[in-house]
Amino acid sequence: MELKEFRSFFNNQLKNLYPKTEIDAFFFRIVAEKLNLSVTDVFMKDSIKLSDSLVNELQQITNKLLQEQPIQYILGTTEFYGLQFDVNEHVLIPRPETEELVSWVLDHIKNNLTIKNVLDIGTGSGCIPISIKKNASDTNVSAIDISAKALETAIINAKNNNVLIDFIEKDILTSKSLHQDYDIIVSNPPYVRELEKQEIKNNVLANEPHLALFVSNENPLVFYKKIADLALQHLTNNGVLFLEINQYLGQETVNMLKNKGFKNIELKKDLFGNNRMIKASK
Ligand SMILES: C[S@@+](CC[C@H](N)C(=O)[O-])C[C@H]1O[C@@H](n2cnc3c(N)ncnc32)[C@H](O)[C@@H]1O
(Lines give C-alpha, C1' and ligand atoms only; values in the text may rest on other atoms or scores of the structure.)
Protein backbone atom coordinates (compact mmCIF):
# COMPACT_ATOMS: atom_id res chain seq x y z
CA MET A 1 0.00 0.00 0.00
CA GLU A 2 1.23 3.51 -0.80
CA LEU A 3 1.19 6.21 1.88
CA LYS A 4 -1.51 8.21 0.06
CA GLU A 5 -3.79 5.14 0.01
CA PHE A 6 -3.30 4.71 3.74
CA ARG A 7 -4.09 8.40 4.23
CA SER A 8 -7.42 8.09 2.49
CA PHE A 9 -8.25 4.93 4.52
CA PHE A 10 -7.27 6.81 7.71
CA ASN A 11 -9.44 9.85 6.80
CA ASN A 12 -12.43 7.65 5.97
CA GLN A 13 -12.20 5.66 9.18
CA LEU A 14 -11.96 8.68 11.46
CA LYS A 15 -14.05 11.33 9.70
CA ASN A 16 -17.18 10.80 11.79
CA LEU A 17 -15.31 11.02 15.07
CA TYR A 18 -12.75 13.83 14.75
CA PRO A 19 -12.51 17.18 12.91
CA LYS A 20 -10.38 17.18 9.72
CA THR A 21 -7.64 19.32 11.31
CA GLU A 22 -7.24 16.81 14.15
CA ILE A 23 -7.18 13.85 11.73
CA ASP A 24 -4.42 15.59 9.74
CA ALA A 25 -2.45 16.28 12.92
CA PHE A 26 -2.78 12.60 13.97
CA PHE A 27 -1.74 11.40 10.50
CA PHE A 28 1.41 13.51 10.29
CA ARG A 29 2.46 12.75 13.87
CA ILE A 30 1.91 8.99 13.56
CA VAL A 31 3.48 8.56 10.13
CA ALA A 32 6.46 10.81 10.92
CA GLU A 33 7.16 8.77 14.05
CA LYS A 34 6.57 5.30 12.61
CA LEU A 35 8.50 5.95 9.36
CA ASN A 36 11.13 8.06 11.09
CA LEU A 37 10.53 10.97 8.70
CA SER A 38 10.14 14.71 9.15
CA VAL A 39 6.60 16.08 8.78
CA THR A 40 7.69 17.76 5.51
CA ASP A 41 8.86 14.39 4.18
CA VAL A 42 5.53 12.79 5.10
CA PHE A 43 3.87 15.52 3.06
CA MET A 44 6.23 15.21 0.07
CA LYS A 45 6.61 11.42 -0.06
CA ASP A 46 3.00 10.33 -0.37
CA SER A 47 3.88 7.65 -2.95
CA ILE A 48 6.21 5.86 -0.55
CA LYS A 49 5.46 2.12 -0.35
CA LEU A 50 4.50 0.80 3.11
CA SER A 51 5.48 -2.72 4.17
CA ASP A 52 2.70 -5.10 5.23
CA SER A 53 3.85 -5.05 8.85
CA LEU A 54 3.82 -1.25 8.89
CA VAL A 55 0.32 -1.14 7.37
CA ASN A 56 -0.76 -3.58 10.05
CA GLU A 57 0.72 -1.40 12.80
CA LEU A 58 -0.86 1.76 11.35
CA GLN A 59 -4.23 -0.02 11.17
CA GLN A 60 -3.97 -0.97 14.85
CA ILE A 61 -3.25 2.66 15.73
CA THR A 62 -6.30 3.69 13.66
CA ASN A 63 -8.44 1.23 15.64
CA LYS A 64 -7.23 2.71 18.93
CA LEU A 65 -8.13 6.19 17.69
CA LEU A 66 -11.57 4.82 16.77
CA GLN A 67 -11.88 3.69 20.40
CA GLU A 68 -11.04 7.31 21.38
CA GLN A 69 -7.74 6.45 23.04
CA PRO A 70 -5.57 9.59 23.34
CA ILE A 71 -2.84 9.77 20.70
CA GLN A 72 -0.25 10.42 23.46
CA TYR A 73 -1.06 7.08 25.14
CA ILE A 74 -1.16 5.25 21.80
CA LEU A 75 2.32 6.46 20.86
CA GLY A 76 3.49 6.47 24.49
CA THR A 77 5.06 9.92 24.36
CA THR A 78 4.19 13.59 24.48
CA GLU A 79 5.96 16.92 24.42
CA PHE A 80 5.93 19.34 27.35
CA TYR A 81 7.94 22.53 27.65
CA GLY A 82 9.99 21.46 24.61
CA LEU A 83 10.95 18.13 26.22
CA GLN A 84 9.88 14.54 25.48
CA PHE A 85 7.95 12.62 28.14
CA ASP A 86 6.82 8.99 28.25
CA VAL A 87 3.15 8.72 29.18
CA ASN A 88 0.89 5.78 29.96
CA GLU A 89 -2.36 4.97 31.74
CA HIS A 90 -0.76 5.66 35.15
CA VAL A 91 0.01 9.33 34.49
CA LEU A 92 -2.02 12.31 33.40
CA ILE A 93 -1.14 13.62 29.94
CA PRO A 94 0.57 16.97 30.65
CA ARG A 95 -1.57 19.94 29.57
CA PRO A 96 -0.55 23.27 27.95
CA GLU A 97 -1.95 25.18 30.99
CA THR A 98 0.66 23.45 33.13
CA GLU A 99 3.41 24.74 30.82
CA GLU A 100 2.23 28.24 31.74
CA LEU A 101 2.56 27.36 35.44
CA VAL A 102 6.13 26.13 34.83
CA SER A 103 6.93 29.39 32.99
CA TRP A 104 5.67 31.37 35.97
CA VAL A 105 7.82 29.34 38.37
CA LEU A 106 10.90 29.74 36.14
CA ASP A 107 10.37 33.52 35.87
CA HIS A 108 10.30 33.67 39.66
CA ILE A 109 13.51 31.62 39.92
CA LYS A 110 15.28 33.86 37.37
CA ASN A 111 14.38 36.94 39.45
CA ASN A 112 15.39 35.35 42.78
CA LEU A 113 18.79 33.82 42.36
CA THR A 114 19.00 32.60 45.97
CA ILE A 115 16.32 29.99 45.34
CA LYS A 116 17.70 26.51 45.98
CA ASN A 117 15.07 23.97 46.95
CA VAL A 118 11.92 23.27 44.95
CA LEU A 119 9.17 20.70 45.58
CA ASP A 120 6.43 19.51 43.21
CA ILE A 121 3.42 17.80 44.83
CA GLY A 122 1.45 15.29 42.69
CA THR A 123 4.08 14.92 40.01
CA GLY A 124 2.52 12.34 37.65
CA SER A 125 4.81 12.06 34.60
CA GLY A 126 7.30 14.38 36.33
CA CYS A 127 6.66 17.08 33.74
CA ILE A 128 6.82 19.97 36.26
CA PRO A 129 10.01 19.13 38.21
CA ILE A 130 11.89 17.90 35.12
CA SER A 131 11.11 21.08 33.13
CA ILE A 132 12.11 23.22 36.13
CA LYS A 133 15.40 21.40 36.71
CA LYS A 134 16.23 21.41 32.98
CA ASN A 135 15.83 25.21 32.88
CA ALA A 136 17.14 26.08 36.36
CA SER A 137 19.97 23.62 36.82
CA ASP A 138 21.28 25.17 40.07
CA THR A 139 18.12 24.23 41.97
CA ASN A 140 17.55 21.00 43.92
CA VAL A 141 14.21 19.62 42.82
CA SER A 142 12.09 17.03 44.64
CA ALA A 143 8.72 15.58 43.65
CA ILE A 144 6.01 13.65 45.49
CA ASP A 145 3.29 11.32 44.22
CA ILE A 146 1.08 8.75 45.91
CA SER A 147 1.27 6.45 42.87
CA ALA A 148 4.28 4.13 42.64
CA LYS A 149 3.40 3.45 38.98
CA ALA A 150 3.36 7.17 38.16
CA LEU A 151 6.73 7.57 39.89
CA GLU A 152 8.20 4.72 37.81
CA THR A 153 7.30 6.72 34.69
CA ALA A 154 8.58 9.99 36.20
CA ILE A 155 11.93 8.33 37.02
CA ILE A 156 12.28 7.15 33.40
CA ASN A 157 11.43 10.66 32.18
CA ALA A 158 14.04 12.26 34.45
CA LYS A 159 16.66 9.79 33.17
CA ASN A 160 15.72 10.36 29.52
CA ASN A 161 15.97 14.11 30.03
CA ASN A 162 19.29 13.83 31.91
CA VAL A 163 18.20 15.46 35.16
CA LEU A 164 18.41 14.35 38.77
CA ILE A 165 15.18 14.68 40.74
CA ASP A 166 14.52 13.36 44.24
CA PHE A 167 11.26 11.41 43.80
CA ILE A 168 9.29 10.57 46.95
CA GLU A 169 6.34 8.18 47.25
CA LYS A 170 3.97 9.77 49.73
CA ASP A 171 0.26 10.34 50.37
CA ILE A 172 0.08 14.08 50.81
CA LEU A 173 -3.38 14.01 52.41
CA THR A 174 -2.22 11.94 55.36
CA SER A 175 1.21 13.56 55.72
CA LYS A 176 1.83 15.65 58.83
CA SER A 177 5.05 17.11 57.48
CA LEU A 178 7.47 17.21 54.53
CA HIS A 179 11.08 15.98 54.44
CA GLN A 180 12.63 19.48 54.57
CA ASP A 181 11.94 23.18 53.90
CA TYR A 182 11.58 24.56 50.36
CA ASP A 183 11.91 27.95 48.65
CA ILE A 184 9.19 26.99 46.18
CA ILE A 185 6.35 24.50 46.45
CA VAL A 186 4.43 23.93 43.24
CA SER A 187 1.44 21.68 42.64
CA ASN A 188 -1.13 20.71 40.06
CA PRO A 189 -3.22 18.43 42.29
CA PRO A 190 -6.50 16.67 41.43
CA TYR A 191 -9.21 19.34 41.16
CA VAL A 192 -12.08 18.24 38.91
CA ARG A 193 -15.34 17.92 40.86
CA GLU A 194 -17.53 14.85 40.26
CA LEU A 195 -20.23 17.31 39.08
CA GLU A 196 -17.90 18.47 36.28
CA LYS A 197 -17.59 14.95 34.85
CA GLN A 198 -20.14 15.73 32.14
CA GLU A 199 -17.83 18.46 30.79
CA ILE A 200 -14.95 16.00 30.48
CA LYS A 201 -14.35 14.42 27.07
CA ASN A 202 -14.96 10.65 26.73
CA ASN A 203 -11.35 9.97 25.84
CA VAL A 204 -10.18 11.60 29.09
CA LEU A 205 -12.80 9.87 31.25
CA ALA A 206 -12.13 6.43 29.78
CA ASN A 207 -8.35 6.58 29.70
CA GLU A 208 -6.72 9.00 32.12
CA PRO A 209 -6.21 8.00 35.79
CA HIS A 210 -9.13 9.12 37.95
CA LEU A 211 -6.75 9.35 40.93
CA ALA A 212 -5.07 12.23 39.10
CA LEU A 213 -8.26 14.06 38.23
CA PHE A 214 -11.20 13.91 40.59
CA VAL A 215 -12.21 15.30 43.97
CA SER A 216 -15.57 15.19 45.75
CA ASN A 217 -18.23 17.87 45.21
CA GLU A 218 -18.35 18.38 48.98
CA ASN A 219 -14.64 19.13 49.54
CA PRO A 220 -13.14 20.20 46.19
CA LEU A 221 -10.26 22.11 47.79
CA VAL A 222 -9.13 19.15 49.89
CA PHE A 223 -5.68 19.04 48.25
CA TYR A 224 -5.24 22.83 48.27
CA LYS A 225 -6.05 23.12 51.99
CA LYS A 226 -3.58 20.36 52.87
CA ILE A 227 -0.86 21.72 50.56
CA ALA A 228 -1.39 25.22 52.02
CA ASP A 229 -0.95 23.87 55.58
CA LEU A 230 2.20 21.97 54.64
CA ALA A 231 3.51 25.02 52.76
CA LEU A 232 3.02 27.28 55.81
CA GLN A 233 5.02 24.77 57.81
CA HIS A 234 7.75 24.12 55.21
CA LEU A 235 8.24 27.20 53.01
CA THR A 236 11.36 29.22 53.83
CA ASN A 237 10.83 32.86 54.94
CA ASN A 238 10.57 34.26 51.40
CA GLY A 239 9.09 31.03 50.10
CA VAL A 240 6.41 31.00 47.42
CA LEU A 241 3.57 28.60 46.63
CA PHE A 242 2.48 28.07 42.99
CA LEU A 243 -0.76 26.22 42.25
CA GLU A 244 -2.68 25.16 39.17
CA ILE A 245 -6.37 25.47 40.08
CA ASN A 246 -9.91 24.63 39.02
CA GLN A 247 -11.04 27.53 36.81
CA TYR A 248 -14.44 27.65 38.56
CA LEU A 249 -12.92 27.87 42.06
CA GLY A 250 -10.43 30.73 41.63
CA GLN A 251 -11.93 33.07 44.21
CA GLU A 252 -12.64 30.27 46.72
CA THR A 253 -9.02 29.12 46.47
CA VAL A 254 -7.74 32.70 46.89
CA ASN A 255 -9.99 33.19 49.95
CA MET A 256 -8.86 29.92 51.51
CA LEU A 257 -5.18 30.97 51.13
CA LYS A 258 -5.94 34.46 52.50
CA ASN A 259 -7.70 32.98 55.54
CA LYS A 260 -4.68 30.77 56.23
CA GLY A 261 -2.43 33.85 56.22
CA PHE A 262 -0.80 33.79 52.76
CA LYS A 263 0.25 37.19 51.33
CA ASN A 264 0.73 38.74 47.86
CA ILE A 265 -1.82 36.33 46.38
CA GLU A 266 -1.98 36.57 42.57
CA LEU A 267 -4.67 34.83 40.53
CA LYS A 268 -3.65 34.39 36.89
CA LYS A 269 -5.58 33.38 33.76
CA ASP A 270 -4.30 30.82 31.25
CA LEU A 271 -4.06 31.39 27.47
CA PHE A 272 -7.72 30.40 27.13
CA GLY A 273 -8.75 33.20 29.53
CA ASN A 274 -9.66 30.90 32.45
CA ASN A 275 -8.56 31.49 36.06
CA ARG A 276 -5.91 28.79 36.22
CA MET A 277 -2.96 29.59 38.49
CA ILE A 278 -2.17 31.14 41.85
CA LYS A 279 1.09 32.45 43.28
CA ALA A 280 1.19 33.23 47.01
CA SER A 281 3.89 34.09 49.53
CA LYS A 282 4.20 32.84 53.07
C1 LIG B 1 -3.62 16.52 38.12
S2 LIG B 1 -2.39 15.24 38.28
C3 LIG B 1 -0.94 16.21 37.90
C4 LIG B 1 0.16 15.44 37.27
C5 LIG B 1 1.32 16.32 36.77
N6 LIG B 1 1.87 17.13 37.85
C7 LIG B 1 0.87 17.22 35.63
O8 LIG B 1 0.76 18.43 35.87
O9 LIG B 1 0.62 16.72 34.53
C10 LIG B 1 -2.33 15.01 40.02
C11 LIG B 1 -1.31 13.98 40.56
O12 LIG B 1 -1.50 13.90 41.97
C13 LIG B 1 -1.30 12.56 42.38
N14 LIG B 1 -2.02 12.34 43.65
C15 LIG B 1 -3.34 12.05 43.83
N16 LIG B 1 -3.61 11.90 45.14
C17 LIG B 1 -2.45 12.12 45.81
C18 LIG B 1 -2.08 12.10 47.18
N19 LIG B 1 -3.00 11.83 48.13
N20 LIG B 1 -0.80 12.34 47.53
C21 LIG B 1 0.14 12.60 46.55
N22 LIG B 1 -0.15 12.63 45.23
C23 LIG B 1 -1.42 12.39 44.85
C24 LIG B 1 -1.84 11.72 41.24
O25 LIG B 1 -1.28 10.41 41.25
C26 LIG B 1 -1.43 12.58 40.03
O27 LIG B 1 -0.19 12.13 39.52
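Residues numbered from 1 in each chain as written. Predicted model: local features only at pLDDT ≥ 70, side-chain atom pairs only at ≥ 80, totals over all residues. Heavy atoms only, no water.

An unreviewed UniProt entry annotates the chain as peptide chain release factor N(5)-glutamine methyltransferase originating from Tenacibaculum geojense. According to its UniProt record, the chain has this under Catalytic activity (unreviewed entry): "L-glutaminyl-[peptide chain release factor] + S-adenosyl-L-methionine = N(5)-methyl-L-glutaminyl-[peptide chain release factor] + S-adenosyl-L-homocysteine + H(+)". (UniProt positions renumbered as here; feature names shortened; annotations may be inferred.)

With that settled, the discussion passes to the overall build of the chain. Assigned secondary structure in the chain consists of 12 helices and 11 strands. Radius of gyration (C-alpha) of the chain: 21 Å, near the 19 Å computed for a compact globule of 282 residues. Projected onto the principal axes, the alpha-carbon positions of the chain cover approximately 65 × 40 × 30 Å. Counting across all 282 residues of the chain, residues that qualify as buried make up 50%. Residue pairs at least 24 apart in sequence account for 64% of intrachain contacts in the chain once pairs closer than 6 positions are excluded. Total accessible area on the chain is roughly 13,800 Å²; 48% of this is exposed by carbon and sulfur atoms. (Helix = DSSP H or I, 4+ residues; strand = E, 2+ residues; numbered from the N terminus. Rg over C-alpha atoms; globule rule 2.2 N^0.38 Å. Buried < 20%, exposed > 50% of the residue type's maximum accessible area, 1.4 Å probe, protein only. Contact = heavy atoms within 4.5 Å. Areas by Shrake-Rupley, 256 points an atom, 1.4 Å probe, with all protein chains shown as cover.)

A volume near 150 Å³ is recorded for the second largest pocket. What lines the second largest pocket is Leu 106, Ile 109, Lys 110, Asn 112, Leu 113, Ile 115, Asn 135, Ala 136, Ser 137, Asp 138 and Thr 139. If one sorts the elements of the lining of the second largest pocket by residue count, helix 6 (residues 96-111) sits on top with 3 residues. Looking at the lining of the second largest pocket residue by residue, the classes come out as 5 nonpolar, 4 polar and 2 charged. (1 Å grid on protein atoms, 1.4 Å probe; cavity = no way out; pocket = protein on both sides within 12 Å on 5 of 7 lines; lining within 4 Å. Points joined across faces, edges and corners; volume = space filled by probe spheres on them. Nonpolar A, V, L, I, M, F, W, Y, C, P; charged D, E, K, R; others polar.)

Okay, the domain arrangement of the chain next. Looking at the chain, the domain boundaries give domain 1 (3-67) and domain 2 (80-281). Each of domain 1 and domain 2 was reduced to a C-alpha centroid, and the two centroids are 35 Å apart. (Domains from an automatic or database assignment.)

The full count for this structure, using the stated rule, is 10 salt bridges. Between Lys 34 and Glu 57 there is a salt bridge; the shortest N-O distance is 3.2 Å. One end of the pair, Lys 34, is in helix 2 (residues 20-35); the other, Glu 57, is in helix 4 (residues 52-66), with 23 residues separating them in the sequence. Linking Arg 276 and Asp 270 is a salt bridge whose minimum nitrogen-to-oxygen distance equals 3.0 Å. Asp 270 matches Arg 276 in its accessibility class, with the two residues each being buried. Because the salt bridges share partners, they merge into one network encompassing Arg 7, Lys 20 and Asp 24. (Salt bridge = Lys/Arg side-chain N within 4 Å of Asp/Glu carboxyl O.)

UniProt's feature table lists "domain: Methyltransferase small" (unreviewed entry) at residues 106-205, given in the numbering used throughout. Between the end C-alpha atoms of residues 106-205 the distance is 31 Å, and the span holds 32% helix and 23% strand.

We now examine the sheet that holds strand 10 (residues 263-269). Read across the open sheet, the 7 strands follow the order 5-4-3-6-9-11-10; overall the sheet is mixed. The open sheet has two edge strands with one neighbour each: strand 5 (166-169) and strand 10. This sheet shows a mean twist of 15 degrees between the axes of neighbouring strands, independent of strand direction. Sheet topology places strand 3 (residues 117-121) next to strand 6 (residues 182-187); 4 bridges connect them, and they run parallel. When the bridges of strand 6 are listed, Asp 120 appears paired with Val 186. (Pairing = 2+ DSSP bridges. Axes fitted to C-alpha atoms, helices over the stretch in contact; angles between N-to-C directions.)

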